[in-house]
Amino acid sequence: MRVGMPSEESRLIETLRVFCVIAMMWVHVNPGLSSPSAVTSGDYTLVGAVFGNTLGRVSVALLSFVSGYLIWHRSRTVPLPQFAATRFRSVLVPMLVWSALFILFAVLKEPLTGVMAQKIEGIDLDAASLANAWAGITGPTANLSLFFLRDLFVGSLILRAALPFVARAPIAVAAVALVAASGQTLEPLIFRGPILQFLVFGAVAARLGYTLTGIARPLVALPLGYLMSVASLAAYSLPASPLLHPLNLPALAMRAGVSFLVLAFTRATMAGSRRLALHRLGRHAYLAYLMHVPLFGVLWVLWRSLVGGPLEPSYAIFFLAGPVVAFAVAVPVGLALDRAPRVLQIALRGRIVRPERLKPED
């Protein structure tokens, strides 16, 4: 159990991590949602729309909300320099390690297979281009899935610095975040504004006394999720508004609405399948996310040679199963890392686990 947090809340958060990371991985299944496939332009378009473009993208907002909620509860008394150092170790160090590994594998692809990796075709050899490809300083990383972590790190630092204001005027801070992080106003500081917005919303919810277990109650989450989702769809059909569309409110309402539904689903899953103990897999979620893109690359080569291409109906199986397989691979890798040297644990997953207690050291 996490210190200062009820066991039910802790289990809910860890189970959410499992579901959300699996959902986020659907966005990155080869050849990607922007490429023609059976789930984007074929017979299973609904599968891609629901699992990839809805659940996959909404999960970023939900995980950001949970992170903001936890930062309020755990870190509001931690000095900002100490918080930044801890966050750098737990988020950025493994991101940079896996980003470097991705670029290395992409570079080796051409001499090994005779085909250049598409992800590095547009990378120049100048310092700025290489720095962005690796760390995403002023532009996307070569492994685009890791770019989310860069914004999460920066957004977390902004939130921690703003916590004194959250304590005094939570609603005002939420309104400022809503406006300031809309569109592309904060680039290149923050590229994905909703990450910062939902980080702040999570901290504000915690400041106002709301709990995740309370929000996830079916009587709360289901009506709110349904109403916000329907309102979002209705707003998209309205003429352009000087308030709704510049602030991207319909999209934010959709993310919030589906997040409520996911919270209700997660709580129901916990109540209906206690023996599965999915929360115990939550500690492997970050490792699964870090390693899923290179793993998908390997699995995709095997699938195409043995089964077929993306336009085949069988591709729907690869699309749906890929994230689950990636998470299943991450579990034994994570268990092996439990007994690895501390420096290797930090490099590959950002935290140290003592196997005798299975307690992460934050």
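So, on to the overall build of the protein. What the protein contains, in helices and strands, is 13 helices and two strands. Looking at the protein as a whole, 49% of its 362 residues are labelled buried. In the protein, of all internal contacts separated by at least 6 residues, the share reaching a separation of at least 24 is 75%. Summing over all exposed atoms, the protein offers an accessible surface of approximately 17,600 Å²; the carbon and sulfur share of this is 68%.

What follows covers the packing of helix H5 (residues 147-168) against helix H7 (residues 193-207). Contact geometry for H5 and H7: axes closest at 9 Å, N-to-C directions at 35 degrees. Our pair here, H5 against H7, has a crossing hand that is right-handed. Of H7, the residues touching H5 (which contributes Phe148, Asp151, Leu152, Gly155, Ser156, Ile158, Leu159, Leu163, Val166 and Ala167) are Ile195, Leu196, Leu199, Val200, Ala203, Val204 and Arg207. Split into classes, the residues belonging to the contact of H5 with H7 amount to 13 nonpolar, two polar and two charged.

With that settled, the discussion passes to the pattern of salt bridges. Counted by the stated rule, this structure contains five salt bridges. The residue Arg150 makes a salt bridge to Asp151 at a minimum N-O spacing of 2.7 Å. Each member of the pair, Arg150 as well as Asp151, is classed as buried. Of the charged contacts, one joins Arg283 and Asp338 as a salt bridge, the two residues approaching to 2.8 Å between their closest N and O atoms. Of this pair, Arg283 sits in the loop between helix H10 (249-272) and helix H11 (285-306) while Asp338 sits in the loop between helix H12 (315-337) and helix H13 (342-349), placing them 55 residues apart in sequence. Asp338 carries the same exposure label as Arg283, and that label is buried. Members of the salt-bridge network, linked through shared partners, are Arg283, Asp338 and Arg349.

Within the secondary structure, Thr213 is located in helix H8 (residues 212-215). A polar contact is formed between the side chain of Thr213 and the side chain of Thr211, at a distance of 3.3 Å. Discounting residues that sit within four places of it in the chain, Thr213 has contacts with Glu8, Glu9, Leu12 and Arg267.

Once that is clear, we can look at the packing of aromatic side chains. Summed over the entire model, instances satisfying the criterion amount to 11 aromatic pairs. Ring geometry for Phe88 and Phe153: centres 6.3 Å apart, planes at 70 degrees, overall edge-to-face. Placement of Phe88 in helix H3 (residues 80-113) and of Phe153 in helix H5 is noted, with a sequence separation of 65 residues between them. Its relative accessible area of 38% is what places Phe88 among the partly exposed residues. Of the residues examined, Phe153 reaches a relative accessible area of 12% and is grouped as buried. Through successive ring pairs, a cluster of aromatic residues spans Trp300, Trp303, Tyr315, Phe318 and Phe319.

Conventions used here
- Residues numbered from 1 in each chain as written.
- Predicted model: local features only at pLDDT ≥ 70, side-chain atom pairs only at ≥ 80, totals over all residues.
- Heavy atoms only, no water.
- Helix = DSSP H or I, 4+ residues; strand = E, 2+ residues; numbered from the N terminus.
- Buried < 20%, exposed > 50% of the residue type's maximum accessible area, 1.4 Å probe, protein only.
- Contact = heavy atoms within 4.5 Å.
- Areas by Shrake-Rupley, 256 points an atom, 1.4 Å probe, with all protein chains shown as cover.
- Axes fitted to C-alpha atoms, helices over the stretch in contact; angles between N-to-C directions.
- Left-handed = near helix turned anticlockwise from the far one by under 90°.
- Nonpolar A, V, L, I, M, F, W, Y, C, P; charged D, E, K, R; others polar.
- Salt bridge = Lys/Arg side-chain N within 4 Å of Asp/Glu carboxyl O.
- Polar contact = N/O pair within 3.5 Å; in protein donor to acceptor, adjacent residues only side chain to side chain.
- Phe/Tyr/Trp six-rings, centres within 6.5 Å; stacked < 30°, edge-to-face > 60°.

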